[in-house]
Amino acid sequence: MTEANSANNAAAIQERLKGLFADTLGMRFVEVTPERVRAELEVHEELCTVPGIMHGGAIMAFADTLGGVATSLNLPRGAGTTTIESKTNFLAAARTGQTITGECLPLHRGKHALVWQTRVTVDGRLVALVTQTQIVLAAKQTPQEVLAALFAEKPVDEQKALLATLERAGAGLYRAWAVNEADAAMKEALLAAAEREEENARTLER
C-alpha cells in the first residue's frame, strides 16, 4: 500500500471514530494499513493515575483501539470483531506532556481470530508491550443466504428432496393461515397456494 493510501486510511479512521472513545482519548492516527497501524497520543492529566503519570488503563485502551482498527482492515465484507484477550507488560512510565506512539503489527491473521502486538513507546523508549486477540464475528446472513447454504454442495437428488420438504412445509403454512382467514376470497387463494406447493413437491419427488 502506498504512503498516500495509508494517509487516506488514517484520515478515514480518524473521521469514523470522531466522537467515540478513541477521539475522547485524543488519539491521532498516522499510518493505517492492513499490515500496520500507528497512532500517537499526548499524555494529559485527565489520563493520569496519579499526577504526572499516565494510567495503565489508558495505555491498554490506546493499544486495544489500534488492534481493533488493524483487525477491521482484515475482515471479510460485513464481518465484525471484538477483543477476546489482551495482555499488557508495563515497562516504563509515560508522563504528562509526553507523546506516546503505538505501533500495531500482526502476529497471526487467521480466518476466525487475529493476534496483534502493539509496542507503546515514548521517544523510542518502550513503555508497554500489548498482545491482544481479536475474534472474527461472521456477517449476519440474509434469509436468502441462509436458504442457499442449506442447498450448497448437496447432490441434485438431495437438493430436490430438501426443496420438496420445504414446499410441503409451505403448503402447511398456507392451510393454517386459511383456517383463521375470515375473507372468503383470501381463504380460497391461500388454499390454492397450498395446492400449488403440494404439486411442486410431487413434481420434485417423481
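Heads up: these notes are all about the structure in this document. Since this is a predicted model, take the numbers as computed values, not measurements.

### Focus: the overall build of the protein chain
Here comes step 1: Scanning the protein chain from terminus to terminus reveals 6 helices and 8 strands.
Here comes step 2: Of the regular secondary structure in the protein chain, the N- to C-terminal order runs α-α-β-β-β-β-α-β-β-β-β-α-α-α.
Here comes step 3: A compact globule built from 206 residues should have a C-alpha radius of gyration of about 17 Å, whereas the protein chain, at 28 Å, is more than 25% larger.
Here comes step 4: By principal-axis analysis of the C-alpha atoms, the protein chain measures approximately 80 × 40 × 30 Å.
Here comes step 5: Evaluated residue by residue, the protein chain yields a buried proportion of 32% over its 206 residues.
Here comes step 6: Taking the contacts inside the protein chain whose residues are at least 6 apart along the sequence as the reference set, 58% of them involve residues at least 24 apart.
Here comes step 7: Total accessible area on the protein chain stands at roughly 12,200 Å², and carbon and sulfur atoms take up 56% of it.
Here comes step 8: Averaged over its 21 positive side-chain charges, the protein chain has a centre that lies 3 Å from the centre of its 26 negative ones.

### Description of the pattern of salt bridges
Here comes step 1: Here the structure, examined in full by the defined rule, presents 11 salt bridges.
Here comes step 2: Arg28 is the salt-bridge partner of Glu40, the closest N and O atoms lying 3.3 Å from each other. Of this pair, Glu40 sits in strand E2 (residues 37-42) while Arg28 sits in strand E1 (residues 28-32), and the two are 12 residues apart along the sequence.
Here comes step 3: Accessibility expressed as a relative area gives 25% for Glu40, which makes it partly exposed.
Here comes step 4: Overall, Arg28 belongs to the partly exposed group, its relative accessible area being 35%.
Here comes step 5: Residues Arg36 and Glu103 are paired through a salt bridge, measuring 2.8 Å at the closest nitrogen-oxygen approach. Within this pair, whereas Arg36 is found in the loop between E1 and E2, its partner Glu103 is found in strand E6 (residues 99-109), the two being separated by 67 residues in sequence.

### Quick notes on the sheet that holds E2
Think of a sheet as strands paired side by side through backbone hydrogen bonds, with each pair either parallel or antiparallel.
Here comes step 1: With respect to topology, 6 strands assemble into an open sheet ordered E1-E2-E6-E7-E8-E5, the strand pairing being antiparallel. Since the sheet does not close on itself, it has two edges, and those belong to E1 and strand E5 (80-90), each with one partner. With direction set aside, neighbouring strand axes in the sheet form an average angle of 20°.
Here comes step 2: Note: E5 against strand E8 (residues 125-137), 10 bridges, orientation antiparallel. Directly across from Lys87, in E8, lies its bridge partner Thr131.

### Some remarks on a nonpolar patch on the surface
Here comes step 1: The grouping of Leu147, Leu150, Leu163 and Leu166 at the surface amounts to a nonpolar patch, some 300 Å² of accessible area in total.
Here comes step 2: Breaking the nonpolar patch down by element, the ones donating at least two residues are helix H4 (143-151) and helix H5 (156-179).
Here comes step 3: Among the secondary structure elements, Leu147 is positioned in helix H4.
Here comes step 4: Leu147 gets classed as partly exposed once you look at its relative accessible area, which sits at 44%.

### Let's talk about the pairing of E8
Each regular strand shows side chains that alternate between the opposite faces of the sheet.
Here comes step 1: Note that strand E7 (residues 113-122) and E8 share 10 bridges and pair antiparallel. The residue bridging Gln117 from the neighbouring strand is Thr131, located in E8.
Here comes step 2: The turn linking E7 back onto E8 is made up of 2 residues, and Asp123 within it adopts a positive phi angle of 55°.

Calculation rules
Residues numbered from 1 in each chain as written. Predicted model: local features only at pLDDT ≥ 70, side-chain atom pairs only at ≥ 80, totals over all residues. Heavy atoms only, no water. Helix = DSSP H or I, 4+ residues; strand = E, 2+ residues; numbered from the N terminus. Rg over C-alpha atoms; globule rule 2.2 N^0.38 Å. Buried < 20%, exposed > 50% of the residue type's maximum accessible area, 1.4 Å probe, protein only. Contact = heavy atoms within 4.5 Å. Areas by Shrake-Rupley, 256 points an atom, 1.4 Å probe, with all protein chains shown as cover. Lys, Arg positive; Asp, Glu negative; His and termini not counted. Charge placed at Lys NZ, Arg CZ, Asp CG, Glu CD. Salt bridge = Lys/Arg side-chain N within 4 Å of Asp/Glu carboxyl O. Pairing = 2+ DSSP bridges. Axes fitted to C-alpha atoms, helices over the stretch in contact; angles between N-to-C directions. Patch = residues over 30% accessible without salt bridge, like charges linked within 9 Å, V, L, I, M, F, W, Y side chains within 5 Å.

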